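Architecture at a glance
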Amino acid sequence: MTLSSVRLDHTSGGLSLSSGEKSLVLHPLWVRERVFGVGVFDPVSHQRLYEHADIPADLRINKIIDSGDSDIDLEFSDGCCLRLDRASTLREIGWQDNPGALPEAVPWTARTIDLHQTDWKSLDAPENMKRFLKAYFKDGFCVIENTPTERDSLKKLARRFGYLRETNFGELFNVETKPHPSDLAYTDAALTSHTDNPYRAPVPGIQYLHCLRNEVSGGLSTLVDGMAIAIALQAESPEQAAVLERVFVRFRYEGPSAILEHHGPLIERDHDGVIRQIRLSSRLDYVPAIDPETLSLFYAGRKRLHEMSNSAEFQISFPFRAGTLLMMDNYRLLHGRTPFDGKQGHRHLQGCYIDHDGPASLYRMLIRDGKTVAVKRED
Ligand SMILES: [Fe+2]
């Protein structure tokens, strides 16, 4: 999209932009914080070279010196003549596509999702890595096959995408049947759909589950799009959905080496109003003692979320084979597993967490530089 006019807005002292049906007035301080030039912006660190507070609060734009194809030269009331980049301004106000923006999340159900696997070695090619990350941002998860199956190789696999988030369970945790289990995950019982570790601050962003060995026929991995069930609840009962967004729940973990607590709503939106996080962990949540009317809506909404997250309409399942690696957004996706018979043999998964930043940065770097940059590698 191109600008059809750039004029001074005499009321605000800012810039008035228009293009077709669209128009927008930019505040003079907003413009000033986006201009570049010697002594104003460092192109290496991408940082401004002054403090906001140094700029007069009553700043105005006095004159448009030149409105060129790529830049707009401006004279400000404090005497500074500086340059505004047209393309980056249009991207920031949403009038032009931003190629570095992360692909949009698209809600899915069991009927609409296309479950596909990526070969680990194929990710060496930057185009394949870009395609893989696009699918991850769209669906909230990806399945990788043919990864190495040596114990602890997950550290190296996950570090391809970001920095490991160590917890009181260590850098990696082992999911296998144990003689004296401290958690249902270490038995052969089914696990209903849940998000991991809502009691941590911050909640771990991305979870990996890596299968080293699987000799049992059950134990399928299950996934549900939390965004899709939250949207479905919103359509079914806006009152219940509103309460689940409004009421902060306390999540608590108490174990031999840590006592952890964190608060948050069951449904949370981001700065754009998009549903971005679900907290569903049915054994660790404690809602505050608020009025019974609100709590009735809360309990009914939570029950519906639980029902939907374990229904054939929203849940998919797939087997873990040795070398399967699942990468999922722990804010958006719920996961679980079907039961299996531990007497059939050994089933051993390893898991770990990384922050959301890792894949997001990797994707932006691929768009900017066209090549894969290693986040961090073990030597
Ligand atoms: Fe889990």
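What you are looking at is a predicted structure, and each value in this text was computed from that prediction instead of being measured. (Residues numbered from 1 in each chain as written. Predicted model: local features only at pLDDT ≥ 70, side-chain atom pairs only at ≥ 80, totals over all residues. Heavy atoms only, no water.)

**A look at the environment of Asn197**
- With respect to the helices and strands, Asn197 occurs in the loop between strand 12 (191-194) and strand 13 (206-214).
- On the accessibility criterion, Asn197 (7% relative accessible area) is buried.
- Ignoring anything within four residues of it in the chain, the contact list for Asn197 reads Val203, Pro204 and Tyr353.
- One polar contact links Asn197 to Arg200, side chain to side chain, over a distance of 2.6 Å.
- Of note is the side chain of Asn197, whose polar atom sits 3.5 Å from the side chain of Tyr353. (Helix = DSSP H or I, 4+ residues; strand = E, 2+ residues; numbered from the N terminus. Buried < 20%, exposed > 50% of the residue type's maximum accessible area, 1.4 Å probe, protein only. Contact = heavy atoms within 4.5 Å. Polar contact = N/O pair within 3.5 Å; in protein donor to acceptor, adjacent residues only side chain to side chain.)

**Here's the deal with the nonpolar core**
- Among the nonpolar cores identified, the biggest contains 28 residues, and Ile267, Phe298 and Leu305 are the most heavily contacted of them.
- Among the secondary structure elements, those contributing two or more residues to this core are helix 5 (226-236), helix 6 (238-246), strand 15 (249-254), strand 18 (275-278) and helix 7 (292-309).
- When near neighbours in sequence (up to four residues on either side) are disregarded, Leu305 contacts Ile229, Ala230, Leu233, Leu244, Ile267 and Leu280.
- By size, the runner-up hydrophobic cluster in this structure holds 26 residues, among which are Ala158, Tyr208, Met327 and Leu362. (Core = buried A, V, L, I, M, F, W, Y, C linked by side-chain atoms within 4.5 Å.)

**Description of the coordination of the iron ion**
- Looking at the metal site, the iron ion is ligated by His194 (NE2), Asp196 (OD) and His335 (NE2), spaced 2.1 to 2.3 Å from it.
- The motif formed by the donor residues of the iron ion, counted along the single chain, is H-x1-D-x138-H. Remark: His335 occurs in strand 22 (residues 333-337) and Asp196 occurs in the loop between strand 12 and strand 13; sequence separation between them is 139 residues. His335 matches Asp196 in its accessibility class, with the two residues each being buried. (Donors = N, O, S within 2.8 Å, 3.2 Å for Na, K, Ca; no water.)

**A look at the layout of surface pockets**
- The calculated volume of the largest pocket comes to roughly 1,000 Å³.
- Around the largest pocket, the lining comprises 42 residues; the ones closest to its centre are Asp183, Leu184, Ala185, His194 and Asp196.
- For the lining of the largest pocket, the secondary-structure elements that each account for two or more residues are strand 11 (173-175), strand 12, strand 13, strand 15, strand 21 (325-329), strand 22 and strand 23 (347-354).
- Residue composition of the lining of the largest pocket, by class: 19 nonpolar, 16 polar and 7 charged. (1 Å grid on protein atoms, 1.4 Å probe; cavity = no way out; pocket = protein on both sides within 12 Å on 5 of 7 lines; lining within 4 Å. Points joined across faces, edges and corners; volume = space filled by probe spheres on them. Nonpolar A, V, L, I, M, F, W, Y, C, P; charged D, E, K, R; others polar.)

**Thoughts on the packing of helix 6 against helix 7**
- Viewed as axis vectors pointing N to C, helix 6 and helix 7 meet at an angle of 100°, and their least axial separation amounts to 8 Å. When the axes of helix 6 and helix 7 are compared, the pair comes out roughly perpendicular. Taking contact as the criterion, the partners of Glu239, Gln240, Val243, Leu244 and Arg246 in helix 6 are, on helix 7, Thr294, Leu297, Phe298, Ala300, Gly301, Arg302, Arg304 and Leu305.
- A class-by-class count of the residues in the contact of helix 6 with helix 7 yields 6 nonpolar, 3 polar and 4 charged. (Axes fitted to C-alpha atoms, helices over the stretch in contact; angles between N-to-C directions. Parallel < 35°, antiparallel > 145°, perpendicular 65-115°, else oblique.)

**A short note on the sheet that holds strand 15**
- Spatial strand order, 16-15-19: 3 strands in an open sheet with antiparallel pairing. Two strands lie at the open edges of the sheet, namely strand 16 (259-264) and strand 19 (285-286), each paired on one side alone.
- Pairing geometry for strand 15 and strand 16, over 6 bridges, is antiparallel. When the sheet's bridge partners are listed, Val249 is paired in strand 16 with Gly264. (Pairing = 2+ DSSP bridges.)

**Focus on the side chain of Arg279**
- Summarising the element assignment, Arg279 is placed in the loop between strand 18 and strand 19.
- Within polar-contact distance, the side chain of Arg279 engages the backbone oxygen of Pro265 at 3.0 Å.
- Setting aside its immediate chain neighbours within four residues, Arg279 contacts Thr195, Pro198, Val203, Phe251, His263, Gly264, Pro265, Leu266 and Glu268.

**Examining the domain arrangement of the protein**
- Along its sequence, the protein is organised into domain 1 (5-92) and domain 2 (117-369).
- Computed over C-alpha atoms, the centres of domain 1 and domain 2 are 43 Å apart. (Domains from an automatic or database assignment.)

**Section: the packing of aromatic side chains**
- Evaluated as defined, the whole model comprises 10 aromatic pairs.
- Joined through ring pairs, the aromatic side chains of Phe132, Phe161 and Tyr208 make up one cluster.
- Taking NZ or CZ as reference, Arg32 lies 4.8 Å from the ring centre of Phe76, over its face.
- Stacked on the ring of Trp30, the Lys or Arg Arg34 has its end atom at 3.8 Å from the ring centre. (Phe/Tyr/Trp six-rings, centres within 6.5 Å; stacked < 30°, edge-to-face > 60°. Lys NZ or Arg CZ within 6 Å of the ring centre and 35° of its normal.)

**What to know about the packing of helix 5 against helix 7**
- At a closest axis distance of 10 Å, the pairing of helix 5 and helix 7 adopts a crossing angle of 130°. Between helix 5 and helix 7, the crossing angle belongs to the class labelled oblique. The handedness of the crossing between helix 5 and helix 7 comes out as right-handed. Residues Ile229, Ala230, Ala232, Leu233 and Glu236 of helix 5 touch helix 7, and the partners they reach there are Gly301, Arg304, Leu305, Met308 and Ser309. (Left-handed = near helix turned anticlockwise from the far one by under 90°.)

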